[in-house]
Amino acid sequence: MKVYVKKYVIATKEYPIMFDDGSGNQAEDFEDAELYGSEYDAKEQLDRFDDDCINKWCVVPVDVTYNF
């Protein structure tokens with residue numbers, strides 16, 4: 001059985017793509033990225049970023065597949 005879910009991550013707009021790990025740190029690996037259950041939650045977290053770097057980040061939708 002497969003379940004498909006849409007999640008959201010906070011990622012840099014430029015290459016190399018970095019991900020927010022949910023603790024304010026940058027992560028190179030997607031596996032270390034914080035996955036948010038809604039776009040609203042991800043944008044709310046992004047609004048907490050410092051003003052000098054907030055324009056370097058964006059919210060990106062991600063399709064996640066769970067296999068059982």
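Note: the structure precedes this text.
Residues numbered from 1 in each chain as written. Predicted model: local features only at pLDDT ≥ 70, side-chain atom pairs only at ≥ 80, totals over all residues. Heavy atoms only, no water.

Undergrad: For a nonpolar patch on the surface, give the residues involved together with the corresponding values.
TA: Residues M1, Y66 and F68 make up a contiguous nonpolar surface patch of about 410 Å² in total accessible area. Here Y66 lies in strand β4 (residues 57-67). Of the residues examined, Y66 reaches a relative accessible area of 37% and is grouped as partly exposed. (Patch = residues over 30% accessible without salt bridge, like charges linked within 9 Å, V, L, I, M, F, W, Y side chains within 5 Å. Areas by Shrake-Rupley, 256 points an atom, 1.4 Å probe, with all protein chains shown as cover. Salt bridge = Lys/Arg side-chain N within 4 Å of Asp/Glu carboxyl O. Helix = DSSP H or I, 4+ residues; strand = E, 2+ residues; numbered from the N terminus. Buried < 20%, exposed > 50% of the residue type's maximum accessible area, 1.4 Å probe, protein only.)

Undergrad: Outline the nonpolar core, listing residues and values.
TA: Within the largest apolar cluster, nine residues are counted, these being Y8, I10, M18, Y36, A42, L46, F49, W57 and V59. Every element with two or more residues in this core is listed here: β1 (2-12), α1 (39-46) and β4. Listed in part, the six residues of the second largest apolar core include V9, A11, A33 and V62. (Core = buried A, V, L, I, M, F, W, Y, C linked by side-chain atoms within 4.5 Å.)

Undergrad: Can you break down the side chain of D20 residue by residue, with the values?
TA: Its place among the elements puts D20 in strand β2 (residues 19-20). Lacking a salt bridge, the buried D20 has R48 as its closest oppositely charged neighbour, with an N-O distance of 9.0 Å. Setting aside its immediate chain neighbours within four residues, D20 contacts I10, N25, A33, E34, Y36, Q45, F49 and W57. (Lys, Arg positive; Asp, Glu negative; His and termini not counted. Contact = heavy atoms within 4.5 Å.)

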